[in-house]
Amino acid sequence: MVDYQTIIDKIVTNSKEATDRGVIASYIPELANISLHKFGIHIIDANQKSYSAGEALEGFSIQSISKVLALAFSFSLVGDELWKRVDVEPSGDPFNHLSLLEQENGIPRNPFINAGALVIADVLVSHLENPKEEFLRFVQELANDSSIRYNEKVALSEKRTGFKNYAAANLLKSYGNLHNDVESVLDLYFYQCSLEMNCKQLTDAFYIFMNHGTCLREKSYLNLTQVKRINALMLTCGFYDEAGEFAFEVGLPGKSGVGGGIVALLPNTYCVATWSPGLNPKGNSKLGMAALEELTTKTGHSIF
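So, a few notes on the structure that sits alongside this text. (Residues numbered from 1 in each chain as written. Predicted model: local features only at pLDDT ≥ 70, side-chain atom pairs only at ≥ 80, totals over all residues. Heavy atoms only, no water.)

1. Quick look at the packing of aromatic side chains
Consideration 1: Per the counting criterion, the structure on display carries 11 aromatic pairs.
Consideration 2: Ring geometry for Phe60 against Trp275: centres 5.0 Å apart, planes inclined by 5 degrees, an arrangement best described as stacked. Residue Phe60 is located in strand 3 (residues 60-61), and its partner Trp275 is located in strand 8 (residues 270-275); the two are separated by 215 residues in the primary sequence. With respect to burial, Phe60 and Trp275 carry one shared label: buried.
Consideration 3: Here the aromatic residues Tyr4, Tyr51 and Tyr270 are joined through ring pairs into a cluster of three or more.
Consideration 4: Over the aromatic face of Tyr191 sits the side chain of Lys132, whose NZ or CZ is 4.0 Å from the ring centroid. (Phe/Tyr/Trp six-rings, centres within 6.5 Å; stacked < 30°, edge-to-face > 60°. Helix = DSSP H or I, 4+ residues; strand = E, 2+ residues; numbered from the N terminus. Buried < 20%, exposed > 50% of the residue type's maximum accessible area, 1.4 Å probe, protein only. Lys NZ or Arg CZ within 6 Å of the ring centre and 35° of its normal.)

2. Observations regarding the pattern of salt bridges
Think of it this way: side chains of opposite charge can pair up when their charged atoms draw near.
Consideration 1: In the structure shown here, the tally under the stated rule is 10 salt bridges.
Consideration 2: For Asp20, the salt bridge is made with Lys286, and the minimal N-O distance between the two is 3.7 Å. In this pair, Asp20 is assigned in the loop between helix 1 (4-17) and strand 1 (40-45) and Lys286 in helix 12 (residues 286-299), connecting sequence segments 266 residues apart.
Consideration 3: Look at Asp20 and you get partly exposed, because its relative accessible area is 47%.
Consideration 4: On the accessibility criterion, Lys286 (30% relative accessible area) is partly exposed.
Consideration 5: A salt bridge links Lys132 to Asp187; the nearest nitrogen and oxygen atoms lie 2.9 Å apart. Residue Lys132 is located in helix 5 (residues 131-143), and its partner Asp187 is located in helix 8 (residues 182-193); the two are separated by 55 residues in the primary sequence.
Consideration 6: Residues joined in a network through salt bridges with shared partners are Lys132, Lys159 and Asp187. (Salt bridge = Lys/Arg side-chain N within 4 Å of Asp/Glu carboxyl O.)

3. A look at the side chain of Asp187
Consideration 1: Using a relative accessible area of 18% as the deciding quantity, one classes Asp187 as buried.
Consideration 2: In this structure Asp187 touches Lys132 and Lys159, once residues within four positions along its chain are discounted. (Contact = heavy atoms within 4.5 Å.)

4. Structural notes on the sheet that holds strand 3
In sheet architecture, strand pairing relies on hydrogen bonds along the backbone and comes in two forms, parallel and antiparallel.
Consideration 1: Strand order across the open sheet formed by 3 strands is 3-5-4, with antiparallel pairing between neighbours. The sheet terminates laterally at strand 3 and strand 4 (149-150), the two strands that pair on one side only.
Consideration 2: As paired elements, strand 4 and strand 5 (residues 195-197) share 2 bridges and run antiparallel to each other. Residue pairing for strand 5: Arg149 is matched across the bridge by Glu196.
Consideration 3: Of the strands in this sheet, strand 3 and strand 5 touch helix 9 (residues 199-210), which is tilted by about 105 degrees from strand 5. (Pairing = 2+ DSSP bridges. Axes fitted to C-alpha atoms, helices over the stretch in contact; angles between N-to-C directions.)

5. A look at the nonpolar core
Consideration 1: Among the nonpolar cores identified, the biggest contains 74 residues, and Leu69, Phe135, Phe206, Phe209 and Ile230 are the most heavily contacted of them.
Consideration 2: For this core, the leading source of residues is helix 4 (residues 114-127), giving 9 residues.
Consideration 3: Every residue in contact with Leu69, bar those within four places of it in the chain, is listed here: Ile62, Phe135, Phe138, Val139, Leu142, Ala205, Phe206 and Phe209.
Consideration 4: Residues Ile7, Val12, Ala53 and Leu295 belong to the second largest nonpolar core, which totals 25 residues. (Core = buried A, V, L, I, M, F, W, Y, C linked by side-chain atoms within 4.5 Å.)

6. Considering helix 10 (residues 224-237)
Consideration 1: Between its terminal C-alpha atoms helix 10 stretches 20 Å, which fits the 20 Å expected from 14 residues at 1.5 Å a residue.
Consideration 2: Structurally, helix 10 contributes buried residues whose contacts are with helix 2 (66-78), helix 9, helix 11 (243-249), strand 6 (254-256) and strand 7 (261-266).
Consideration 3: If you check the start of helix 10, you find a side-chain oxygen 3.1 Å away from the backbone N of Thr225, and it comes from Asn223. (Expected span 1.5 Å × (residues − 1). Polar contact = N/O pair within 3.5 Å; in protein donor to acceptor, adjacent residues only side chain to side chain.)

7. Examining the sheet that holds strand 8
Consideration 1: One open sheet accounts for 5 strands, arranged 2-1-8-7-6; its pairing is antiparallel. Strands at the two margins of the open sheet, each flanked by one partner only, are strand 2 (50-54) and strand 6. The sheet shows a mean angle of 10 degrees between the axes of neighbouring strands, direction not considered.
Consideration 2: Across 3 bridges, the pairing between strand 6 and strand 7 is antiparallel.

8. Describing the side chain of Ser64
Consideration 1: On the secondary structure map, Ser64 appears in the loop between strand 3 and helix 2.
Consideration 2: For Ser64, the contacting residues outside a window of four places in its chain are Tyr240, Lys255, Ser256 and Gly257.

9. Here we look at unusual backbone geometry
Consideration 1: Despite not being glycine, Asn144 has its phi angle at roughly 55 degrees, a positive value.
Consideration 2: Along the chain, Asn144 falls in the loop between helix 5 and strand 4.
Consideration 3: Positioned with a positive phi, His212 is a non-glycine residue whose angle comes to about 60 degrees.
Consideration 4: Here His212 shows up in the loop between helix 9 and helix 10.

If you want it as C-alpha cells, here you go:
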C-alpha cells in the first residue's frame, strides 16, 4: 500500500526549499500576476480516494491542459474521422511554431500543438449549438463539479495578445482545414484555455483517462480504444519538445499548461495534478516536472 500523503507532503516541503523556481509566463498579461511561490499537488486513486498538499485547492488558468478535454469531447462526437484533419506525431517543435504546418499542407502534427488544438476547436464549433457553454458543461460533468468557470479576464487577455494563434487559424483556413470562421474558432479556443481549475478538479476531470473512459459519476464518454489513443498522445505529445524528457524522467501520460499546471496519470492506479507557475525554458512547470519525477521514483509506479 503506497502512502501517497506522506510522499506528497515531502514533495511540498522540497518545493519550498527550491531556489530556482522557473519563470512566470508573462506573454499572457493576466498570468504575469501570479506568485512564483505557489505550489500544489493532488492525487486521486482508483478507489476515488483523494490526497492533497500545498495549494492544491487554489484555482489557476489550465491553459493547454484544456486541449486534452477538448480532444476527448470532439473524439466522442466524430470518432476516427478526426484523424483525417489532424495527425498523431510528435512535432519536436514548441507549441506555437507554424513551419511544419506549411510543410505538411495544413495538417497539424498533433492535437496538442496550437494549430492542432484549433482544428479540434473547429470540430466543436461545427457540432455544438453553443460551443463555449457546452464545452464548459462537459468539463463540469467530467469533474462532477458545477463550480468550474472560465476566467473572463484571462480569455480577454489572450484575445488581445494571441497574434500567433490568429496567424495559425488563418493559415489553417487557407488550407481548407478550418471549416468555420476564424473568429468563432478562436473565441472558443481562447475561452477553453482560460478555464480556471484547481489540482483536485483537474484530477477529477482526468479520472476518465485513468478509468477506461468512465468518469467519477460512472458515466462512459469514451470507449477503451479512444482512451488508449488519447493517453498515447499525452505520452508522446503532451509536453511538446520536452515530451521525451517527461517520458524519460516521469514515465506517465500527461499534459502541461503555461499556467504552471501539469496533470498525469497511471491507468487503473491514480491521477495526479501539480501546480507551480514558474516555467522552465521549454514552457513546462519547473517544480511540477521535478515533483512528478519524485512521485514516480518514490512510488515505483510508472507505465514502464
